[in-house]
Amino acid sequence: MSFVLRRAGQAAIVLVAAFTATFFLLQLLPGDAILIKFSDPSLGLSPEQLDGIRATYGADLPWWEQYAHAGLGFLAGDFGYSTQFGTPVRTMLAEALPATLLLASLGLAVALVLAVLIAGLSSLAPFAWLRTGLRQVPGLFVAVPVFWLGILLIQVFSFGLGWVPIVGADPVSGLVLPVLTLAVPISAPLAQVLVRAIDQVQAQPFVTVLRAKGAPPAWVLTRSVARNAAVPTLTIAGVLFGELVGGAVVTETVFGRTGIGRLTEQAVANQDIPVLQGVVLLSALGFVLISFAVDLATPLIDPRQRTSARRGRPEPRRTLQEATA
């Protein structure tokens, strides 16, 4: 219970900090979103009418009143109204979220598969030069810009080979290239962390004992090393899932997909502050929930973490006898 309360307190602090930072940073943006939309001479609005519109959105209030009003609204699940479309932000987020969640989830799943393949082959490949080359692949993936990768995949697989249609694609084929565009850069840090964790576990004495007993390398990797190396990889995967929302901004724009990323891009272009605040707070909430889920899943992978969580201190290292029992 104390663990849950502690994590809940940390989550509340993260959400308050995210909301506060977003509010003040957006207040520093030049211009006024309401004036940008309604000051068009063709609309024929008088200065008094513009002031009335500003009052409707609460833009005429001092910053501290706007902060308190927005904060109380968020606590009640009210994200305000879009200054560009006049639609409740909550409705816009609810409509855009499912598509982005599907894209991000598939992207993370493919990234995990790529990371496991790279890490596994870099440990089991029969030739030293091949193992060394595979270890350089994550560094290459990290250097690939998301927008460039998306355009390259479209050029090669849609226009060049014609394997994946980019126009008029069905729901399944329309996800192939966007998912790959998200997965390749995310797989790089996952693979780097997994390779490093595997190297650290393989240097432990209990692995040396297993090898001395004649255990095959593949058996040692899959049955003993992988489970110990999975914990840091799971942690970084939870963090990277939050970054997928940022990658979705570029990916959904390149492929013309609707979702949180496309909604964010439109809100930035129109200085739609309520929408931007809602997106940031939603992203922070997702990050908190994913981190909490990772904390709960870690003891299932490494049972030693269960005692650590209950006692609130690190668990001692296993002895050689315990590790090889």
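Our subject is the structure that appears above.
This write-up is about the structure you can find in this document. (Residues numbered from 1 in each chain as written. Predicted model: local features only at pLDDT ≥ 70, side-chain atom pairs only at ≥ 80, totals over all residues. Heavy atoms only, no water.)

With that out of the way, let us pick up helix α9 (residues 205–212). Listing the buried residues of α9 in full gives Phe-206, Val-207 and Leu-210. Taken around the axis of α9, the buried residues stretch over an arc of 100°, which confines them to a single face. The positive-phi residue at the C-terminal boundary of α9 is Gly-214, with phi of around 95°. (Buried < 20%, exposed > 50% of the residue type's maximum accessible area, 1.4 Å probe, protein only. Helix = DSSP H or I, 4+ residues; strand = E, 2+ residues; numbered from the N terminus. Arc of directions from axis to C-beta.)

Taking 1.5 Å as the rise per residue, helix α8 (residues 173–202) with 30 residues should run 44 Å; its terminal C-alpha atoms sit 40 Å apart, in good agreement. Of all the 30 residues making up α8, 21 are buried; the element is thus mostly covered by neighbouring parts of the structure. (Expected span 1.5 Å × (residues − 1).)

On to the nonpolar core, then. Grouped together as the largest cluster of nonpolar side chains are 29 residues, with contacts concentrated most on Leu-108, Leu-177, Ile-186, Leu-190, Phe-241 and Leu-244. At the level of elements, α5 (89–124), α7 (146–160), α8, α10 (217–255) and α12 (273–301) are the ones that each hand at least two residues to this core. No other element matches the 10 residues that α8 contributes to this core. In this view, Ile-186 contacts Leu-108, Ala-111, Leu-240 and Leu-244; residues no more than four positions away in its chain are not counted. Counting residues in each nonpolar core, the second largest holds 16 residues, with Phe-19, Leu-26, Leu-93 and Ala-96 among its members. (Core = buried A, V, L, I, M, F, W, Y, C linked by side-chain atoms within 4.5 Å. Contact = heavy atoms within 4.5 Å.)

Below, the discussion takes up the side chain of Gln-277. Here Gln-277 shows up in helix α12. Taking relative accessible area as the criterion, Gln-277 reaches 9% and is therefore assigned buried. Beyond its immediate chain neighbours, meaning those up to four positions away, Gln-277 contacts Thr-22, Phe-23, Leu-26 and Phe-74.

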